[in-house]
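The primary structure of each chain is shown beneath.
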Amino acid sequence: MIALDDVSKRYPNGTFALRDVDLRIDSGDFIFLVGASGAGKSTLIRLLIREELATTGRVVVDGEDVGRMPRSRVHRLRRKVGVVFQDFKLLPRKTVAENVAFALIVTGHEGRLVREETERALSLVGLTARRDHFPSQLSGGEQQRTALARALVNRPRILIADEPTGNLDPVTSWEIIKLLTRVNDLGTTLVMATHNAEIVNALRRRVVHLDHGMVVRDEREGLYAA
Amino acid sequence: MRRVGYVLSAAGQGFWRNPVMSLASTFTVTLMLLLFAFFLTTDRGLQAAVGVLESKVEIALFIDDNAKVSEVLALKARIEADPAVSRVDYVTKDQALKRLQDIADRRKDFVLANIDGNPLPASLEVKLSDARQAKRFGDELRAEIGGGVIADVIDNPQVVDQLLTITRVLSVGGLAILAMMLFVALFVIVNTIRIAVHARRDEIEIMQLVGASDAFVRWPFILEGMLVGTLGAVVALSIVFAAAGPVTGAMLDFLVTLPISLGPEFAFQLAASVLGVALLVGAGGATLSVRAHLAK
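Novice: Teacher, can you tell me more about the overall build of chain B here?
Specialist: Each helix and strand counted, chain B has nine helices and four strands in total. Reading chain B from its N end, one meets helices and strands in the order α-α-β-α-β-α-β-α-β-α-α-α-α. For 296 residues, the compact-globule estimate of 2.2 N^0.38 gives 19 Å, and chain B exceeds it by more than 25% at 31 Å. In terms of its C-alpha atoms, chain B occupies a principal-axis envelope of roughly 100 × 40 × 30 Å. Taken over 296 residues, chain B has a buried fraction of 39%.

Novice: So what exactly am I meant to see when it comes to the interface of chain B and chain A here?
Specialist: Often, the extent of an interface is quoted as the loss of accessible area upon association of its parts. In this assembly, 19 residues from chain B lie in contact with 25 residues from chain A. Carbon and sulfur atoms make up 59% of the area that chain B and chain A hide from each other, which totals about 1900 Å². We note a salt bridge from D214 of chain B to R71 of chain A, for which the minimum N-O separation is 2.8 Å. For the pair chain B and chain A, the number of links is five residue pairs in polar contact (both at pLDDT 80 or more). For the side of chain B that touches chain A, the secondary structure elements donating two or more residues are helix 1 (2–17), helix 7 (201–210) and helix 8 (214–254) of chain B. Residue contributions to the side of chain B that touches chain A peak at eight residues, all from helix 7 of chain B. Of the residues belonging to the side of chain B that touches chain A, the class tally is nine nonpolar, three polar and seven charged.

Novice: Would you explain the domain arrangement of chain B in this entry?
Specialist: For chain B, the assigned domains are domain 1 (2–52 + 161–294) and domain 2 (58–156). Using only C-alpha atoms to locate each centre, domain 1 of chain B and domain 2 of chain B end up separated by 53 Å.

Novice: Would you take a moment to explain the sheet that holds strand 3 (residues 30–34) of chain A for this structure?
Specialist: Residues and elements named next belong to chain A. Strand order across the open sheet formed by six strands is 6-7-8-3-9-10, with mixed pairing between neighbours. Because the sheet does not close on itself, it has two edges, and the strands there are strand 6 (81–85) and strand 10 (214–219). Strand after strand, the sheet turns through a mean of 15° between neighbouring axes, direction not considered. Of the strand pairs in this sheet, strand 7 (residues 158–162) and strand 8 (residues 189–193) are connected by five bridges, and their pairing is parallel. Within strand 8, the residue paired with L159 across the bridge is L190. In this fold helix 1 (residues 41–48) packs onto strand 3, strand 7, strand 8 and strand 9 (206–211), with an angle of close to 150° to the strand it touches most, strand 7. Taken strand by strand, helix 6 (residues 170–185) contacts strand 3, strand 7 and strand 8, and its axis lies near 150° from that of strand 8.

Novice: Honestly, the pairing of strand 7 of chain A in this entry has me stumped. Any pointers?
Specialist: All names here are of chain A. Within strand 7, five of the five residues are buried, which leaves the element mostly enclosed by the surrounding structure. By the alternation rule, side chains of strand 7 split into I158, I160 and D162 and L159 and A161, which are all buried. Bridge analysis of strand 6 against strand 7 gives five bridges, and the strand direction is parallel. Bridge pairing in strand 7 links V83 to I160. Crossover connection from strand 7 via helix 6 to parallel strand 8: handedness right-handed.

Novice: Before we go on, may I ask you to explain the packing of helix 3 (residues 96–105) of chain A against helix 5 (residues 140–152) of chain A in this structure?
Specialist: If you want to describe how two helices pack, look at the angle between their axes and the distance between the axes. All names here are of chain A. Viewed as axis vectors pointing N to C, helix 3 and helix 5 meet at an angle of 25°, and their least axial separation amounts to 8 Å. As far as their axial angle goes, helix 5 and helix 3 are roughly parallel. Judged by the sense of rotation from one axis to the other, the crossing of helix 3 with helix 5 is right-handed. Across the interface between the two elements, V96, N99, V100 and A103 from helix 3 touch T146, A149 and R150 from helix 5. Here the contact of helix 3 with helix 5 is composed, by residue class, of four nonpolar, two polar and one charged.

Novice: Would you take a moment to explain the side chain of T107 of chain A for this structure?
Specialist: Here T107 of chain A lies in the loop between helix 3 and helix 4 (111–124). Polar contacts involving the side chain of T107 of chain A include one to the main-chain carbonyl oxygen of L104 of chain A, which spans 2.9 Å. Those residues in contact with T107 of chain A, other than ones at most four positions away along the chain, are R79 and N154 of chain A together with V210, G211 and A212 of chain B.

Novice: Teacher, can you tell me more about the pairing of strand 1 (residues 58–63) of chain B here?
Specialist: On a regular strand, one side chain projects to one face of the sheet and the next to the other, so that they alternate. Residues and elements named next belong to chain B. Bridge count between strand 1 and strand 3 (residues 123–128): five bridges; the pairing is antiparallel. Across the sheet, the residue bridging to L61 is L124, located in strand 3. As defined by bridge partners, strand 1 adjoins strand 4 (residues 150–154) across four bridges and the pair is classed as antiparallel. Along strand 4, the bridge assignment pairs A60 with I154.

Novice: Just checking my understanding: could you explain the sheet that holds strand 1 of chain B for this structure?
Specialist: One key point about sheets: their strands pair by backbone hydrogen bonds, in either a parallel or an antiparallel sense. Residue and element names in this part refer to chain B. Judged by pairing direction, the sheet is antiparallel, and its four strands sit side by side in the order 2-3-1-4 without closing on themselves. A strand with exactly one partner marks an edge of an open sheet, and here the two such strands are strand 2 (85–91) and strand 4. Sheet twist, expressed as the mean angle between neighbouring strand axes with direction ignored, is 20°. The sheet strands contacting helix 3 (residues 69–80) are strand 1, strand 2, strand 3 and strand 4, and the helix crosses strand 2 at an angle near 165°. The sheet contacts of helix 4 (residues 93–106) involve strand 2 and strand 3, and relative to strand 2 the element is tilted by about 85°.

Novice: So what exactly am I meant to see when it comes to a nonpolar patch on the surface here?
Specialist: Side chains of I103, F110 and L112 of chain B sit close together on the surface and give an oily, nonpolar patch of about 210 Å² of accessible area. Within the element layout of this structure, I103 of chain B appears in helix 4.

Novice: Explanation requested: helix 4 of chain B in the structure shown.
Specialist: All names here are of chain B. Compared with the 20 Å implied by 1.5 Å per residue over 14 residues, the 20 Å span of helix 4 between its first and last C-alpha is a close match. Restricting attention to buried positions, one finds in helix 4 the residues A96, L97 and A104. Each buried residue of helix 4 sits inside an arc of 95° when the element is viewed along its axis, so together they form one side. Away from the buried face of helix 4 by more than 90 degrees, exposed residues D94, D105 and R106 are located. Where helix 4 is buried, its residues contact strand 2.

Novice: Help me understand unusual backbone geometry in this model?
Specialist: When glycine is set aside, most residues are seen to have a negative phi, and most peptide bonds are trans. All names here are of chain A. Here K89, not a glycine, exhibits a phi torsion of approximately 55°, which is positive. Tracing the chain through its elements places K89 in the loop between strand 6 and helix 3. The backbone phi angle of R155 is positive, close to 50°, even though this residue is not glycine.

The rules behind the values
- Residues numbered from 1 in each chain as written.
- Chains lettered and ligands numbered in written order.
- Predicted model: local features only at pLDDT ≥ 70, side-chain atom pairs only at ≥ 80, totals over all residues.
- Heavy atoms only, no water.
- Helix = DSSP H or I, 4+ residues; strand = E, 2+ residues; numbered from the N terminus.
- Rg over C-alpha atoms; globule rule 2.2 N^0.38 Å.
- Buried < 20%, exposed > 50% of the residue type's maximum accessible area, 1.4 Å probe, protein only.
- Contact = heavy atoms within 4.5 Å.
- Buried area = accessible area lost by both parts, 1.4 Å probe.
- Salt bridge = Lys/Arg side-chain N within 4 Å of Asp/Glu carboxyl O.
- Polar contact = N/O pair within 3.5 Å; in protein donor to acceptor, adjacent residues only side chain to side chain.
- Nonpolar A, V, L, I, M, F, W, Y, C, P; charged D, E, K, R; others polar.
- Domains from an automatic or database assignment.
- Pairing = 2+ DSSP bridges.
- Axes fitted to C-alpha atoms, helices over the stretch in contact; angles between N-to-C directions.
- Right-handed = clockwise from strand over helix to strand, strands pointing away.
- Parallel < 35°, antiparallel > 145°, perpendicular 65-115°, else oblique.
- Left-handed = near helix turned anticlockwise from the far one by under 90°.
- Patch = residues over 30% accessible without salt bridge, like charges linked within 9 Å, V, L, I, M, F, W, Y side chains within 5 Å.
- Areas by Shrake-Rupley, 256 points an atom, 1.4 Å probe, with all protein chains shown as cover.
- Expected span 1.5 Å × (residues − 1).
- Arc of directions from axis to C-beta.

In structure tokens form, the structure reads like this:
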């Protein structure tokens, strides 16, 4: 599903964000990306959605070489890959339902399909009752669930979560994690960058540990720290 | 429909989110279009004036009193064969005198006195179809003065020459000013849309993240640019058509001799050209601006 072959990312100032990374993620996997801040987790994620290009090496997502993809096809890649962030990235002037429907409308969907898929995604994350609230009226957990619904509404094959619990208290974090495992159980490949040791240790999923841009550990049913 | 609705409402919101900048760029576009309309109208008016004057260009050849009628008719035939000539009239000495007497009869301040015989020469009156040939034609005939047939050549080609020069200068100068205004309008629109893009950068980021195509991201801004252009065109055309009546009136009083009227057909062409330029500038400026943002 995802393959990185000998991927390096070097910034113009000479520092390496990633160095000789080889990684294979199968369809339906659930992996944690762990490592200190600046270890390269976010860079790796940006390569997967082609927000950045690798300096050397090959990044393949769902059978497509992301680096060689013409710009005019990038939006198709992004429809296959849902993303949620630590800071939610919701539009403050749109309601919960509008924020979710936005992802469908701007990808060219119309009419009944927009309504039905929006309701489906909202019920998946348990926000049907909050559909007409604005983000400022929601708790952090509810905001992240809105962002999750938006990421899922296009039925992506891969879901990437960059520190999704970074701004949330422990109880709310667990709500989000439960949702993510459910999404994974439904068949979506899940890549989650996190600093939350408690969650990683409790779930015992595959753990990829980055340090100074290199993969230093890759374990099935791993722990946060070796 | 929702997609179209989204694009349209996003364009409208973009315009009103920063009304000062939007109105400023609308104003600039209006000025540019006014200049454009003025240029088009002046150009059309001058062309019409040149046309009218051209049709009035005449050259008179005074015939030597000693020339034989057969010689005069041969000259007339030769002149008629010139492609620049539309018509040649032979005015005999008697006809010339009669014309003078007719004028004298109509005007009391004009008295013919002591005319012995007929002092007026016979003449050929030549009407030209192409005014630009007037100088060459006059010079050729002037070379034959003293040859026994042509006594003198009376022409007045300067008027047409000057008018043609004015038209040329106005065309070149007008185009240069227009090009500058176009550049300014484009620049202002690029900046307006840049501000609109900046105001909506979060929305654009999310659109790109969830997989909206570049075209979809671009359209609301291009429409906003076209909205600025259209508003500018509407204001400019309103001013032009409101001013058209009085200005034409004044011009007609001033140029009585030139029956120039720019009819409804020209009004339509003018409106279409102005709107076309407005839409092009609006869409072009916006495209440049969004492209720059998306390429980042």
